[in-house]
Amino acid sequence: MKGLEKQKYILRSLMFVPAHNEKFLNSAMKADADVLLLDVEDSVLPYENKQIARDNIVRYVSQKKFKQVIFPRINDRESGQLLKDLMQLTIPGISGFMYPKSYTGQDIYFIDKLLETLEYEKRLPLGTFKLIPLIETSAAVLNAQDICKASKRVIAIAFGCEDFVTDLKGIHDKGGQSLSVPRALISLAARANNVAPIDTVHIKVHDLQDLERNLVIAKNLGFEGMLVLHPKELPLVNKYFSPSEEDVSDAEEMLQLAKEAEREGKGVAVKNNKFIGPPMVAQAQNIVEKNELIMGKLR
Amino acid sequence: MKGLEKQKYILRSLMFVPAHNEKFLNSAMKADADVLLLDVEDSVLPYENKQIARDNIVRYVSQKKFKQVIFPRINDRESGQLLKDLMQLTIPGISGFMYPKSYTGQDIYFIDKLLETLEYEKRLPLGTFKLIPLIETSAAVLNAQDICKASKRVIAIAFGCEDFVTDLKGIHDKGGQSLSVPRALISLAARANNVAPIDTVHIKVHDLQDLERNLVIAKNLGFEGMLVLHPKELPLVNKYFSPSEEDVSDAEEMLQLAKEAEREGKGVAVKNNKFIGPPMVAQAQNIVEKNELIMGKLR
Amino acid sequence: MKGLEKQKYILRSLMFVPAHNEKFLNSAMKADADVLLLDVEDSVLPYENKQIARDNIVRYVSQKKFKQVIFPRINDRESGQLLKDLMQLTIPGISGFMYPKSYTGQDIYFIDKLLETLEYEKRLPLGTFKLIPLIETSAAVLNAQDICKASKRVIAIAFGCEDFVTDLKGIHDKGGQSLSVPRALISLAARANNVAPIDTVHIKVHDLQDLERNLVIAKNLGFEGMLVLHPKELPLVNKYFSPSEEDVSDAEEMLQLAKEAEREGKGVAVKNNKFIGPPMVAQAQNIVEKNELIMGKLR
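Here the structure is a predicted model, which means the values were calculated and not measured.

A. A look at the nonpolar core. With 203 residues, the main nonpolar core has I157 of chain A, I157 of chain B together with I157 of chain C as its most contacted residues. Among all residues touching I157 of chain B, those that are not within four sequence positions of it are I132, P133, I135, A144, I147, C148, I186, A190, V195, A196, P197 and I198 of chain B.

Dropping the structure here:
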C-alpha cells in the first residue's frame, strides 16, 4: 500500500492556458506554475480554434518554449475531438494529459489503453504519458477511488468545482456547502491510492483573500496543490503548498537523529522526549525530497 | 452516462398521506403536491388499519379521485404485509411505489423482480411500476449508488432522516451534524445515476422559517424535491424547487442563440461574451422542459 | 441485515496502556475503563520494549489482574512483530486484538485467518479472539465497510485521528475540518454492518471542556464509545455513552406497554398517542440491555 515512486512531480500549482491564444501562451512561458494545463477543451471555442490550439501546442513544445511540466487538457470522448487531440499531442515534451468529464474508472481505462496503443504505434516507451483526471461529475466524485486505480498513469486527480455543481444540479453557495463533502472525498480517494489530490480552481481570481481562505481548507484536507486560472494566484498557491522552512529543518533533524540511532545500534531515535517511529521518518523524507525538488526548480 | 428520459415526472413535493384515514385522503385530493405518497406503512397502525388503507387506495384510485401522481408507500419485506400490498395495489392509476427500509441494491432488485412477476401475471407492460426507495438506514446511505443501479424502475431516492438517525444510533441535533454527510452522499449518488434526489421530510411542520433554511440547503446540495408531511409546507417547497422566471428566460435565450448559431453555420453561440458550450445548452433545455411540465400542470 | 448478537460488550471507553510500563499497568487495573487496550505498538519503543510488553501482558492476564475486557493493540504486518505478538498473546483472558494501520478488508481477512490458524493449533474454539481494526489511513476510511465485512470477529472499528491526518497529509485543524467527513463515514460504515463505531482519542487530554465538545459530536454521529489516553477522561466518556436514566425509564415503559398490548391481543401499543412500532421496541430493548450490562459491571 506504500511506495512513493509517483511523487516525482511538483504539483503545487497547475495553471490553465487557452492554447489557441498565443498571447496567453507567451505570457505562460514566464509564469511560476509547476504545471501548465494547455487547454484544448472548454476555453477553446468555437470548434475551429481547437486545431489552432493543437498546432500551437505542437509548435511551442517542439521548440521547447516552456520550462514547466506540460499537461494539455484534452477533450472528452463524446466531443468528437479526442482522437485528433491524442494523435497529434502524443509527442516528446508532453508529460501527459488532463482528461475531463470522467464518470467511472472505465473511462480512464479507455484513455489508458488508447495512449498505450499510440505508444505502440509511435514506438514510445509504454507509460510515457501520465494522466490527471478531472473530477467534475457526481459520478466521478463517488467513483474517485476507481478512477485512481484504473490506470498506473494516474499521478493526480483534480477537482473541477464548476462543472461538478452543474452536474449535481446544485448551487455553488457562498458557504461552500455543496463542495465540502466532495472535496473531502476526493482528497481521501487520492491519498488512499498514492495519487496527488489537486484542489479546484478558485473562481474569483481577483479576490486573493478568498483564495487564501480556500488554501487553508485545501491544506487541512490534504490537497497537494491547486488548479489555477490566473498567474496572480501563483505566489500564494506555491507558498501554501511548499513545506515551510521550519518543516524542512525539523525533517532534516529527524532524519539526522534516525541515522545516528541506526549507526549506534539503537532501535529508534528520540526527539523532544518522543520516539521517532518509522512513519515519522518516512514523512520527514518526503518533506526533504519535496523541498529539494522545489529548490532544484528555483536554481 | 447521460440521458434524461427518466425525468418525465415533476418531483418537487412528495406528500405523505395516511391511507387508512379518509379525512386525510379527501383533503389530499386538493393539495398542490406533485406526488402523493399514500401510506400503508409507518403511519398506518395498528395492523388492522393496513387492509383499510389498501382498500381506500384501490377505491380512490379506481375512481380517479386524485389529480396527483400516486406512489403508495408500501411495507418492507420483513413486515409480513409486502405481498398483500403489492398484489392489491399494482393497478392502473398507480405510478409506482415508495419502498422503505432498504439496505442494499439487492433489496431493490428483489422488489423489481416481484413487480415484474406481478406485471407478467396481470399482463401489464413490464416496467409499469416505478420505484422510489427510501434511504433511511446507514447501510442504504453508503449503498445508495447500488440502490440506484439495482433497477431501471428507480426514478428517485428519498432521504428519511428520522429512521436514519435511529438506525445510526445518533442524535437529530439542531445543527444538523448527523444529517449533513448522509444528505450530501444521497444527492451525489442520485445525480451520479440520473435519478432524482429527494430531501427528507422537515419534522417541525409548523416552523416555516426552519423549513426555508432547509430548502436552501437542499437546493445547494442538488436535491430535486422534498418529502412533505403537511400541506402548509407545499407553497414554499414548490416555489424553491421550480425554476425561477429568470432561470427560464435565461434558458430560453440560450436555446434561441444556440439555434441561430447552428442555422448560421457558426460553431457555437455567444452570450455576454461567453461561449455557450453543449453542457450549457443541455442544462437550458432541462430548465425549459421542467418549466413546461410545471406550467402544463397549472393549466 | 439485523441481529444484535455482537453487542455483548460494553464499549463506552477503551483506554490505551503502554504495556512495557508496569506503573501504567498497575494504575490501569483500577481504572473505570470498559476495555483496556494494552499497547505493544506505537507507545512501546524502542523495539527491545516490545518483548517486555508482551511478557507483561501474559503475566498480568494469567494472574487475572484486570477486571476490564482486554484487547492488546498489536503491531501491523509490516512491523516484523506481528507473529510474535499473536503467538504469545492468544491466551485465555484476552478477548481479542486491536489491529492498527489496516488499509483494506483483505488486511483484516489476513488477520482473521492467522487467528483461526492459531486457534486450530492451540485447540481453542474458532472465533475466540475478536478484532477492533483501527481506521487510521485514508484507504481504511473509504474501505471501512469492507473492513467491517471482512471478518465476523470485527466487533468494532475505531477512528485513529493522528495517524489518519498524517496519512492524508492534511492538518489536524482546530475547526475539525479534516476529521469531519471521515468521522461521519466511519460511524455510517460501522452501523451499516452492525459493528460498534468508536471515536478517536481526544489528544488534549487535560482540556476536559474540549473533550466534552467532542463527546457531543461523537454522540450526534452515532458513536458507541471513544478511545481514551488518560484516566481523567473516563468519567465524562462513560457518562456520555451510557443511556440516561430517562432513556432507560422510557424504554422500560415502552417494553411494558408492548408486552401488555401483545397479551391483550392488540396489534400494537400506544404511548403518548403514538403507536410503538417494532423498530421502537427493538431500540427500547437495546437500551434496557445496555443499561443492565453497565449496572452489572458496577455491582
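B. Quick peek at the relation of the copies chain C and chain A. When chain C is fitted onto chain A, the two copies agree to an RMSD of 0.0 Å after a turn of 120 degrees and an axial shift of 0.0 Å. Expressed as a symmetry operation, the mapping of one chain copy onto the other fits a three-fold axis. Of every C-alpha in chain C, the one belonging to V181 of chain C sits nearest the axis of rotation, 3.8 Å from it. Counting the interface residues of chain C, we find that no more than 8% of their copies in chain A are interface residues as well, pointing to two distinct contact surfaces.

C. Inspection of the pattern of salt bridges at higher detail. Counted according to the given criterion, the structure contains 61 salt bridges over all chains. Between K290 of chain B and E224 of chain B there is a salt bridge, with the nearest N and O atoms lying 3.2 Å from each other. Taken together, the positions of K290 of chain B in helix α12 (residues 278-298) and E224 of chain B in the loop between α9 (208-220) and β8 (225-228) put the pair 66 residues apart, joining distant regions of the chain. According to the relative accessible area criterion, E224 of chain B is buried, its value standing at 9%. Across the pair K271 of chain C and E253 of chain C runs a salt bridge whose closest N-O atoms are separated by 3.7 Å. Linking K271 of chain C in strand β9 (residues 269-271) with E253 of chain C in helix α11 (residues 245-263), this pair joins segments that are 18 residues apart in sequence. On the accessibility criterion, E253 of chain C (39% relative accessible area) is partly exposed. Through salt bridges with shared partners, a single network forms among D39, E41, D42, R73, K101 and D163 of chain A.

D. Fine view of the sheet that holds strand β3 (residues 69-70) of chain B. All names here are of chain B. Pairing in this open sheet of 8 strands is parallel, and the strands run β3-β2-β1-β8-β7-β6-β5-β4 from one edge to the other. Each of the sheet's edge strands pairs with one partner strand only, and the pair in question is β3 and β4 (96-99). The sheet contact formed by β4 and strand β5 (residues 130-135) spans 4 bridges and is parallel. Note that in β5 the partner of M98 across the bridge is I132.

E. Highlighting the sheet that holds strand β1 (residues 13-18) of chain A. Residue and element names in this part refer to chain A. Strand order in the open sheet formed by 8 strands is β3-β2-β1-β8-β7-β6-β5-β4, with parallel pairing between adjacent strands. The strands lining the two open edges of the sheet, one partner per strand, are β3 (69-70) and β4 (96-99). In this sheet, strand β8 (residues 225-228) lies alongside strand β7 (residues 196-199) in parallel orientation, the contact comprising 2 bridges. Paired with I198 across the strands is G225, a residue of β8.

Cut-off values and rules
- Residues numbered from 1 in each chain as written.
- Chains lettered and ligands numbered in written order.
- Predicted model: local features only at pLDDT ≥ 70, side-chain atom pairs only at ≥ 80, totals over all residues.
- Heavy atoms only, no water.
- Core = buried A, V, L, I, M, F, W, Y, C linked by side-chain atoms within 4.5 Å.
- Buried < 20%, exposed > 50% of the residue type's maximum accessible area, 1.4 Å probe, protein only.
- Contact = heavy atoms within 4.5 Å.
- Least-squares fit on C-alpha atoms with pLDDT ≥ 70 in both.
- Salt bridge = Lys/Arg side-chain N within 4 Å of Asp/Glu carboxyl O.
- Helix = DSSP H or I, 4+ residues; strand = E, 2+ residues; numbered from the N terminus.
- Pairing = 2+ DSSP bridges.

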